[in-house]
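# Report on the structure
Spelled out, the chains give:
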Amino acid sequence: MTDIDPAETQEWRDALAAVLEFEGEARTSYLLDQVLAEAQRLGARVPFVATTPYVNTVPVTDEPTHPGDRDVEHRIRSAIRWNALAMVLRANKDSTELGGHLASFQSAATLYDVGFQHFWHAPTDTHGGDLVYVQGHLSPGIYARAFLEGRLTEAQLDSFRQETGSHAGTGLPSYPHPWLMPDFWQFPTVSMGLGPLMAIYQARFLKYLHARGLADTAGRKVWAFLGDGETDEPESLGAISMAAREKLDNLVFVVNCNLQRLDGPVRGNGKIIQELEGVFRGAGWNVIKLIWGSGWDQLLAQDHTGALKRRMMECVDGEYQTFKSKDGAYVREHFFGVDPALKEMVAGWSDDEIWRLTRGGHDPQKVYAAYAAANAHTGSPTVVLAKTVKGYGLGAAGEAMNISHQAKKVAEPALRAFRDRFAIPVSDDHLLDLPYVSFADGSPEHAYLHARRQELGGYLPERRRTSAALAVPGVEALGQTGGSNGRALSTTMAFVQILTKLLRDKEIGKRVVPIVPDEARTFGMEGLFRQVGIFSQSGQLYTPEDADQLMFYKEDASGQILQEGINEAGAMSSWIAAATSYSSSDTPMIPFYIYYSMFGFQRIGDLAWAAGDMRARGFLLGGTAGRTTLNGEGLQHEDGHSHLQAATIPNCVAYDPTYAYELAVIVADGLRRMYAEQEDVFYYLTLMNENYEHPPMPEGVTEGILKGMYLLQPGKGRGAAKVDLLGSGTILREVLAAADLLAKDFKVKADVWSVPSFTELRRDGLAVERWNTLHPMEEQRTSYVAQCLAGRSGTVVAATDYMKAYADQVRAFVPGSFTALGTDGFGRSDFRRNLRRHFEVDRHFIAVTALRRLADQGAVPREAVAEAIEKYGIDPDRADPAHA
Ligand SMILES: Cc1ncc(C[n+]2csc(CCOP(=O)(O)OP(=O)(O)O)c2C)c(N)n1
Ligand SMILES: [Mg+2]
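Overview of the structure. Just so we're clear, the structure is a prediction, and the values are computed from it rather than from any experiment. (Residues numbered from 1 in each chain as written. Chains lettered and ligands numbered in written order. Predicted model: local features only at pLDDT ≥ 70, side-chain atom pairs only at ≥ 80, totals over all residues. Heavy atoms only, no water.)

## A word on the coordination of the magnesium ion (ligand 2)
Looking at the magnesium ion (ligand 2), one finds its protein donor set to be Asp228 (OD), Asn258 (OD1) and Gln260 (O), positioned 2.0 to 2.1 Å from the metal centre. Between consecutive donor residues of the magnesium ion (ligand 2), the sequence gaps follow D-x29-N-x1-Q. Here Asp228 is found in the loop between strand 2 (222–227) and helix 7 (234–237), whereas its partner Asn258 is found in the loop between strand 3 (251–257) and helix 9 (272–283), with 30 residues between them in sequence. Residue class for Asp228 comes out buried when judged on its relative accessible area of 1%. (Donors = N, O, S within 2.8 Å, 3.2 Å for Na, K, Ca; no water. Helix = DSSP H or I, 4+ residues; strand = E, 2+ residues; numbered from the N terminus. Buried < 20%, exposed > 50% of the residue type's maximum accessible area, 1.4 Å probe, protein only.)

Written out as structure tokens, the structure reads:
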């Protein structure tokens, strides 16, 4: 916009400058607020500015002095830098097969060190401990510190990325994996975006525990480190508005803005720090920019015309990266040299002095000031946007270069330069041996290192493996073994009854965490809203529309339900926080997260994998499950594969129960395994919305339910031909109907098996096979499937509401012929009956398939198959639903 009255503009500017000079910053802000409010009131358009100048947020005058011994800390940090470098180089000495990252940690060493030395509490009797999510691929830096602290051995550093054979259990994982290092790592973060998302929900869950009186989490903080490239992941920023809305002042994000990602610059043509500042401020976060090191302070103090700040602002990140890949002379010419006034500012400086002008993230004083401000802030979450240099100190081996991220080797001159730059006590003769550096007992560094951690309660990271065992109820207490007495109900309804019982349980009721992603009414859970309340830190500030109803929408400051909105990734993150609370808060919780099964593993599979890694304990309930059981919703809703996805996670125990008593047996056993025995498994159960009658629990089926199959109904009639039919979920009822058809129409005797878990059966079968292979001289074992089916019909047909591959899992262990029916192909809407006919999992197709397999064996004539096809009205030339 053109300035139509420059004199008037200048008057306003002068007035502002005078207020700032004589009355200070607070008064200036107040007046500006007033002016803007008045402008709004009068109807003038107020310009929106999401960003602030490209300088540090904490003014020099407000900086607390770094309280540590800067020299000793520098030596400690330098040793950590060296050891982190050495361990990766040693792992890649002969070949680069093992890989590892050099450059990322060097950019962030100071960001971590200041946290470890001054801010992050370990759990003690009086402090629950801070929870630190590190950038996963910076793990060498975390190991290097643990080595200096005497928590890891040299042999362990040398087994970085070697975790099998003789290194099993001691080798250091590439990235943070609680599964592989259960006493050390807490949070798997290397799949980019999951760390920040999980950290937000972790912080909220700490508030939940506190509000509900389950744990005192008041002094605890969650610190999450992100890469600037990582912020491009939708998961990284997707929940930041929730964090502000929930006033998560126990949460600090630190974005390591080294301006680079794997391939090159994050925002070559822009400025990532400014972009993120706008995004986070817009979402309501406290933003602390940490851009410039202390050396810049004197230059900024002389910048009366604003020329330096302008130059800082106009340079794009691509240029900033290039500056740091060159030298002081280049910076003089290309940063300062473009403006005679700036050039003059550094005229008396040597090129080395210019080069030593650091970025904020490398200056312990500035990092300390930013963290202190973050730590003290209340009322909203804080993000520290720290500018750093990727590969800091690596020089020609990868400092601010586009190849930095992938560098796995450092040539001798660069290694020597690194050693000199950080004064590493390794002589020229030993340089190429890459010896690890440590501090002897009694040395000032050793004493300091341990004193600092003792002051903060102990060492980090450290993971708690177990917590108190809980007294869990048995199956009878869940009230589902007596049958439904003629009433038709769904397994979802049975689940809600079980959940209600558990919520009322004296021992564990308060630990139950129902989690829903705006789907409670879908599952008939709205009754819980009033019974236990929906967690809301602000309680309920309004009278709900349905206040006069029995089951009104009740929000409550100590509510028990986590209502996450239409947000499966967030709800899953909440579930993970609750499911690992035994470890991170020494407070075992029992989360039940219920959702549309199609929007489970398929949508948030990576989080589910991380949950397995984290040794999460809890229940996932895939509601409205099955390709044909959820009838009217069509292709994008009907799940025929979540069980296959669940089966990919080694410690996920998954069942597809048909009857309420099966569900109850499984839930009770899950409670026992996870909360009494403290096994590191979690459960995935599919629930259906189809109503039918549930029989009372037969005698002696508990073991079979849990192992995966049991004989539900012996065949009827006296026919010579025999078949074993297997089924799960609602399709088990089609299997029962098929048995009737076979007996009535073809005199075939069909035994019917309920198979709540083909996956558990397969796991057992594979383990038995493996054992047999390795123990040829011992008595060979028999899989549970083979034990069940041995000496029976030898003709087995299985049908489920999932893809054929689900039931096919047991094929190798079935004695005799085996056929799996399932719902391969895209789903579609129709009545259940029609869908089952379409996918060829209905009673008729099951009967035809059984006859065909019997005919193959000569047990019935082929004509019987043709007769059945005809009789049941099946079109033999219809399109295959797997491809239709
Ligand atoms: C979901 C996911 N995609 C890709 C990767 C591979 N990856 C590892 S590090 C990296 C670059 C990270 O850049 P940035 O976040 O800026 O971190 P920096 O190393 O620069 O600190 C990539 C793409 C990953 N780990 N996770
Ligand atoms: Mg980066």
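## Focus on the packing of helix 2 (residues 70–91) against helix 3 (residues 103–118)
Here helix 2 crosses helix 3 at 135°, and the two axes come no closer than 10 Å. Overall, the two elements helix 2 and helix 3 adopt an arrangement that is oblique. With respect to the hand of their crossing, helix 2 and helix 3 are arranged in right-handed fashion. Only Phe105, Gln106, Ala109, Thr110, Asp113, Gln117 and His118 of helix 3 make contact with helix 2, whose side of the interface consists of Glu73, Ile76, Arg77, Ile80, Arg81, Ala84 and Leu85. In terms of residue class, the contact of helix 2 with helix 3 is made up of six nonpolar, four polar and four charged. (Axes fitted to C-alpha atoms, helices over the stretch in contact; angles between N-to-C directions. Parallel < 35°, antiparallel > 145°, perpendicular 65-115°, else oblique. Left-handed = near helix turned anticlockwise from the far one by under 90°. Contact = heavy atoms within 4.5 Å. Nonpolar A, V, L, I, M, F, W, Y, C, P; charged D, E, K, R; others polar.)

## A word on the pairing of strand 17 (residues 722–727)
With respect to burial, strand 17 is a largely interior element, five of its six residues being buried. The pairing of strand 17 with strand 18 (residues 749–754) spans six bridges and is parallel. Following the sheet pairing, Asp724 is matched in strand 18 by Asp751. Remark: the strand 17/helix 28 (residues 731–746)/strand 18 crossover connection has right-handed handedness. Direction of pairing for strand 17 relative to strand 19 (residues 795–799): parallel, over a ladder of four bridges. Paired with Leu725 across the strands is Val797, a residue of strand 19. (Pairing = 2+ DSSP bridges. Right-handed = clockwise from strand over helix to strand, strands pointing away.)

## Examining the sheet that holds strand 17
Across the sheet, which stays open at both edges, the five strands sit in the order 16-18-17-19-20 with mixed pairing between neighbours. With partners counted over all chains shown, the strands left at the sheet margins are strand 16 (710–713) and strand 20 (817–821), one partner each. Sheet twist, expressed as the average angle between the axes of neighbouring strands with direction ignored, equals 30°. Note: strand 19 against strand 20, five bridges, orientation parallel. Within the sheet, the bridge partner assigned to Val797 lies in strand 20 and is Thr819.

## Considering unusual backbone geometry
The omega angle of the peptide bond from Leu460 to Pro461 is -10°, so this bond is cis rather than trans. Positionally, Pro461 belongs in the loop between helix 19 (444–455) and strand 6 (488–489). Here the phi dihedral of Leu259 falls at roughly 70°; this positive angle occurs in a residue that is not glycine. For Asn485, which is not glycine, the phi dihedral falls at a positive 50°.

## Side note on the nonpolar core
Among the nonpolar cores identified, the biggest contains 90 residues, and Phe253, Phe336 and Trp575 are the most heavily contacted of them. The residues touching Trp575, leaving out its near neighbours within four places in the chain, are Ile515, Pro591, Tyr593, Ala611, Ala616, Gly618, Phe619, Leu620 and Phe682. With 85 residues, the next largest nonpolar core counts Ala668, Tyr683, Leu741 and Leu742 among its residues. (Core = buried A, V, L, I, M, F, W, Y, C linked by side-chain atoms within 4.5 Å.)

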